[in-house]
Every structure is written in C-alpha cells, then in structure tokens.
Amino acid sequence: MIHTNHSSRGSATATAVTLSLILTTLAISTSAPANAKEAPTPSVVNEYVSQEGTPQGELTLTDGDVVSYDPGAVASYDAPELPDAPPTTGDDSPGATMGMYQKSLDSAGHLSEDSAETMDQIREETDSPQDAPVTGSTPSPSTSSPSTSSPSTSATADDGAATPAAMGPAGAMSMVTVGGAWQPAGIQGMDVSSWQPSVNWTGEYAMGSRFAYIKATEGTSYRSPSFDEQYIGSYQSGMIRGAYHFAVPTKTSTGAAQADYFVNNGGGWSADGRTLPGLLDIEYNPYPAYGNICYDLTQQEMRAWIKSFSDRYKQRTGRLPAIYTTTDWWEQCTGNTDMFNNHPLHLANWTTSPGPMPNGWSTYDIWQYSEAGPFSGDSNVYGGSWSQLQDFARNANYKPLGGSSGTGVTAPFKDVSATNQFVTEISWAKDRGYLKGWPDGTFRPTENIDRDAMAAVTYRMAGSPAYTPPARSPYSDVPTTHQFYKEIAWARSKGLLKGWPDGTFRPNADITRDATAALFYRLDGSPAYTAPATSSFADVRPGQQFYKEIHWFANQGITTGWPDGTYRPLNATNRDAMAAFLYRYVN
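Rules of the game
- Residues numbered from 1 in each chain as written.
- Predicted model: local features only at pLDDT ≥ 70, side-chain atom pairs only at ≥ 80, totals over all residues.
- Heavy atoms only, no water.
- Axes fitted to C-alpha atoms, helices over the stretch in contact; angles between N-to-C directions.
- Helix = DSSP H or I, 4+ residues; strand = E, 2+ residues; numbered from the N terminus.
- Parallel < 35°, antiparallel > 145°, perpendicular 65-115°, else oblique.
- Contact = heavy atoms within 4.5 Å.
- Nonpolar A, V, L, I, M, F, W, Y, C, P; charged D, E, K, R; others polar.
- Disulfide = S-S within 2.5 Å.
- Buried < 20%, exposed > 50% of the residue type's maximum accessible area, 1.4 Å probe, protein only.
- Salt bridge = Lys/Arg side-chain N within 4 Å of Asp/Glu carboxyl O.
- Core = buried A, V, L, I, M, F, W, Y, C linked by side-chain atoms within 4.5 Å.
- Phe/Tyr/Trp six-rings, centres within 6.5 Å; stacked < 30°, edge-to-face > 60°.

Colleague: How do you make sense of the packing of helix α9 (residues 299-317) against helix α10 (residues 327-334) when you look at a structure like this?
Modeller: For any two helices packed against each other, one specifies the inter-axial angle together with the distance between the axes. One can describe the packing of α9 onto α10 by two numbers: an axis separation of 7 Å at closest approach and a directional angle of 110 degrees. Taken together, α9 and α10 sit at an angle that is classed as roughly perpendicular. Between α9 and α10, the contacting residues are Gln299, Met302, Arg303 and Ile306 on the first element and Trp329, Trp330, Glu331, Gln332, Cys333 and Thr334 on the second. Within the contact of α9 with α10, the residues separate by chemical class into 5 nonpolar, 3 polar and 2 charged.

Colleague: So what exactly am I meant to see when it comes to the state of the cysteines here?
Modeller: Formally, a disulfide is one covalent bond, and it connects the sulfur atom of one cysteine to the sulfur atom of another. One pass over the full model with this rule turns up 1 disulfide. Residue Cys294 pairs covalently with Cys333 via a disulfide, S to S 1.8 Å. When the S-S torsion is -75 degrees, as for the bridge of Cys294 with Cys333, the disulfide is left-handed. Of this pair, Cys294 sits in the loop between β9 (279-281) and α9 while Cys333 sits in helix α10; the two residues are 39 residues apart in sequence, bridging distant segments of the chain. Both residues of the pair, Cys294 and Cys333, count as buried.

Colleague: Where do I start with the pattern of salt bridges in this structure?
Modeller: Oppositely charged side chains may form a pair once their charged atoms are brought near each other. A full pass over the atoms with the stated rule returns 11 salt bridges. Note that Asp440 is salt-bridged to Arg444, the shortest N-O span being 3.3 Å. Among the residues examined, Arg444 registers a relative accessible area of 27% and is labelled partly exposed. Through salt bridges with shared partners, one network takes in Asp260, Arg312 and Arg316.

Colleague: Before we go on, may I ask you to explain the nonpolar core in this structure?
Modeller: If you look at the biggest cluster of nonpolar residues, it comprises 103 residues, and the most contacted ones within it are Trp201, Ile282, Ile306, Met454, Phe520 and Leu582. The element that contributes the greatest number of residues to this core is helix α17 (residues 575-586), accounting for 8 residues. Excluding residues within four positions of it along the chain, Ile306 makes contact with Leu280, Ile282, Ile323, Trp330, Thr334 and Phe340.

Colleague: Even after reading the chapter, I still don't get the packing of aromatic side chains, so can you show me in this structure?
Modeller: Any aromatic ring pair is given by two values, namely how distant the centres are and how the planes are angled relative to each other. For the structure shown, the criterion picks out 25 aromatic pairs. Centre to centre, the rings of Phe520 and Tyr585 are 5.5 Å apart; their planes meet at 65 degrees, and the pair counts as edge-to-face. Here the residue Phe520 occupies a position in helix α15 (residues 513-523), and Tyr585 occupies one in helix α17, the gap between them amounting to 65 residues. Tyr585 shares its class with Phe520; the two are buried. Between the aromatic rings of Phe553 and Phe581, the centroid separation amounts to 5.0 Å while the plane-to-plane angle is 50 degrees, which identifies the pairing as tilted. Here Phe581 lies in helix α17 and Phe553 lies in helix α16 (residues 547-555), a separation of 28 residues in the sequence. A residue is classified by how much of its surface remains accessible, and Phe553, at 0% relative accessible area, is buried. Among the aromatic side chains, those forming a connected cluster through ring pairs are Phe262, Trp305, Phe309 and Tyr313.

Colleague: In this structure, what is going on with helix α8 (residues 255-264)? I would like to understand it.
Modeller: Structural remark: α-helix, 3.6 residues per turn; residues separated by three or four positions point the same way. Counting buried positions over the 10 residues of α8 gives 8, a clear majority of the element. By the burial criterion, the buried members of α8 are Gly255, Ala256, Gln258, Ala259, Asp260, Tyr261, Phe262 and Val263. Among the structural elements, β6 (209-218), β7 (222-223), β8 (240-246), β9 and α9 are those in contact with the buried residues of α8. Of the residues one or two after α8, Gly266 is the one with positive phi, at around 110 degrees.

Colleague: Looking at this structure, how should I read the environment of Ser112?
Modeller: Mapped onto the secondary structure, Ser112 falls in the loop between α3 (105-108) and α4 (113-125). Given a relative accessible area of 0%, Ser112 falls into the buried group. For Ser112 and Met207, which are 95 residues apart along the polypeptide, the C-alpha to C-alpha distance reads 9.8 Å.

Colleague: What exactly am I supposed to notice about unusual backbone geometry here?
Modeller: In terms of backbone geometry, most residues other than glycine have negative phi values and most peptide bonds are trans. Between Gly373 and Pro374 the backbone carries a cis peptide bond, its omega angle lying at 20 degrees. Looking at where Pro374 falls in the secondary structure, it is placed in the loop between β12 (366-370) and β13 (378-382). In this structure, Asn336 is a non-glycine residue whose phi angle is positive, near 60 degrees. On the secondary structure map, Asn336 appears in the loop between α10 and β11 (345-348). Its identity as a non-glycine residue notwithstanding, Ser526 has a phi of 50 degrees, on the positive side. The topology assignment puts Ser526 in the loop between α15 and α16. Judged by its relative accessible area of 41%, Ser526 falls in the partly exposed class.

Set out below in structure tokens:
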C-alpha cells in the first residue's frame, strides 16, 4: 500500500544550493519585459481538435469484445523488469507505471480476470510461446479492507452514467465488492500502461469502469507501444479517456521539453466530452540512476519543473494538466506547495481512505484506491457527479473539486487582479519570496524597481546565503544601517551590481532596461556570446553600452522589445515587468 512518511531513498529536503548552481538555474528562468506594456508570450491554443500523435480508428472485435493487444508486451509479460534508468522506445521494458516505486513487478502487471482470460485465449490462438497460462485472479484484498457478503448490483445505467444510487454523494466512502475486490462507491475508473499488454475493454466497462488514463510517454525518449490500441479501445468501449505522462524531472530534462514530447505523442486534449486533460504523473523516482525519491532536485527546483511542464502543456492545449501524486511525496519534494491547486488532483493512496490531501486541495478529483483490482492496472474513483466528470472532460476552465478555479491564479495583491497580464509571474515571484509587497496589501506593479530592491531580489534568488558584510560600507551613500546593506554588499562581492566612479551606489535610483539586461547576463555567469553585427533594435546601436548584454537578453527569450522595433534601453524597469523577467529566466 502507498503510505505516508516514505524516505527509503533519502528525504527530499530543502537543501542549500551553491551560488553557481543557483545562477545556472536562474539563467534559464528569469526573463520578463522591463516594462509592463511589453506583451506577454502568446499562447498557442488548439483546444477543439485532436492534437498531433493522438491515435484514431477502431479495433477489430475479439469474439464481440473490444480488446487491445500488444504482442511485443505480451511476449515479455511473464518476465517483466524495470531497468535502472528510463527506457527508450523499442526497449523490452515497459518503463514505469503509476505508483511504480511502491509496486512489486507482479502488481505492476495486474490484470482483471476478464482481461487475463482474454489474453490467454489470444495467446493460445496465435500459438504465442508461454510457460504457463495467466490466471488473472485478483489478489486478496488487504486484511484492513472491508468485505461484503454479496457483490453489488449493476453500478451503471445503459448510457454509461453511474446511477445516483450506485454513486452516492461526492466523496462517499461506502464500499461495494466487484469481482472479489472492494471499491469505494462513486464513478469508477482505471489506469493502464504497457504493463497491461492485453485489456478486454468491454469486460472492464461491464465491471463498471467509466473512465481511463492510458500511459503515453515517459521522459523524452519513450512512447508506450500499447498506447494506441489502449487509447482507442477505451474510447470504443464507451469510456471517457485521457493520456498520462510519467515524469522524469532531472536537471537536464526540462518540464517544457517533456510536455512537448507528451503532446506530440498523443497527450493532447480536445473538448469533445470524451477526452480527459493530460495527466502529469509526478511521484517517487523508481530509477536508482537518478538519485533519491525527488530525482536529486531541491524543492524549489521541483516546483519550477512542474510549473514549466504545466505552462507548456497549457500553451499547447488550452488547459492545465491534472496532477497525479501522493501527499507524502508532495510534502517531501515540493515543500507541500499550494501553487498548483488550480490543477485537478489525482491522488494515490492504496488504503480504505484517501487520507490527508496535499496542501492547497481540500479533496481529490480522482482517488487511486487500489493497485490490485477490481480493474486491470490500477483502480480509481472520481469524487464528483457524472455531470462534473463530463465537465472535467469538456471544459478548459474546469474547477477542481478541492482546489481553486481552473482559470488560473487568484489575485495575489489588492492592486494585481486575476486578469492582470502578469498575474502568473507576480504570483510566482511572491510565492518564492523574490518580490514582496507593501504592508497595505499592494504590489504597486507599475512603479519602477530601485537598485537597492534589485540587490535584495538577486540575494533571495541565490537562496539568501550566509554572508557577513564588511564593517565599513564600500559606498558613500549606503550606510551599514541601510535595510538592504547586506544584500547590496553581497551583490557587489559577486559582481552583479556595481557602483559609480564617484563611490556611490545610488540605491534609490531606478534600474534601467539596459542595466537590467546586464544584471541578468552577469547572473548567468557572463557566458560567451557574440552579438549580431547589425542591431535587432532600432534604438540600440553597435558599440553602445550593454549592446551585447541586451542582445543576449533577447536571444534567451527573456525580453522581446516593443512592436515598433525598439528596446528603450534607458526606460526604467517596472515591478511587474521585473517579475516577468525573473519568471522567464528561471522557467
């Protein structure tokens, strides 16, 4: 069973990170326009048609049933294995499935009786080599699981909707027995991968499954060979279905890159009422080659990785992905953040209760309650009504049952509304403590950001490292009693913010857009870069101060300039624009 307080491969704690690592990470993540009038990156939304890589068509019936069957996966079913590192497409290994870290190989390959019998039948008819038939018997339920003396009556109506009597109220925990396995009352579903090489979808539907998540991809190198038939078969049987991606969040594989791979290989979404949003499976690392249960990422790095995946998925499909995880992993590896509570929650807990929720959610959308039946793969239950499940499938602005509005971030400050063009970036900067507001609850987004405040921002981004400033100030206009004296002195010691030849720092002066570009260039370690011979901006000339830094800034996608082709280097950088720069640079 999935329990809490797992730490067998090391606890994921918020460890201190060296400045060089922080600066390297920041170079990827801190870009935004230096003026709030600069337009945000447009979304590429294609939400009413199937995305690329989505399988189409119908399966040929097997004795009148809809059955997905992968001969290659069947051939290795009797001797499954999980390698030390993620597989690539074409490998014998099916890779990781939901809850892999907690599963035995046998439970990873669980099949219902109908699906196991169908697989045996097809193997016999095709003379596939096998050492022994698959029994398909459902493992005995946990001793802590309740039992009943007789199976439940039909749980669904002819139109595929669970009957009100069978569902009970949202979140009802009354139990029934199906196929010898217990299940909580509600709208039933399942999830499968190539660990289930043959699935009798007609049989699963007859047992009560009304939705399914199918593994499509893992990392950026593996597409499940069973995905096409499983995705088509679940749909053909009458289920609402969606694709999931097993995340491999490492320092060398970004969330955005994995989201692109997922969408390109069948993980998209369409508002047809039969397609669930893509599901990000983010959980315990099952691969020894990638370190501890958090893939050796810090909590901050993990949050940034998830944000990167989510942002790209929404840009590509028009809606946020759902998130599969456990409360324990979420606490250890993200710091129990609430910043993703506008995403639908698919919670795993293989006991008779879903247990405590991750921070930010009051309940689940989907609860994965068993890895041992009644359905093939894992068994799940939706926490709401049939109409809410349909809304989950068709509505890009679906509101999670226990989270915040699916339309996006709530207003972080009194003067930053939920419709502000930089609300996501400002909320992000606030959540991490990089940019703070005033005691009156305002952020003052269109005010210019001062040089002393920018010193404080860079210090916070580096993790607020231990630092003892000199007893005597290096600047004539920054006394040792200044509120940001330590941060200013630290930024000077790292070469990030410099003073003037007259010995002043000018802490209350605005930081201009050209100086902003130079600051980010230094944050990134002043990388080798050759600026173009011809300027990309009408008002920035070759040989001009910070010419190289400005073009590097634009080359990284942190700034775009204005539609009229100008950069406006001497304009001051506003606070909302700085939040956007920081967000783009980090993410």
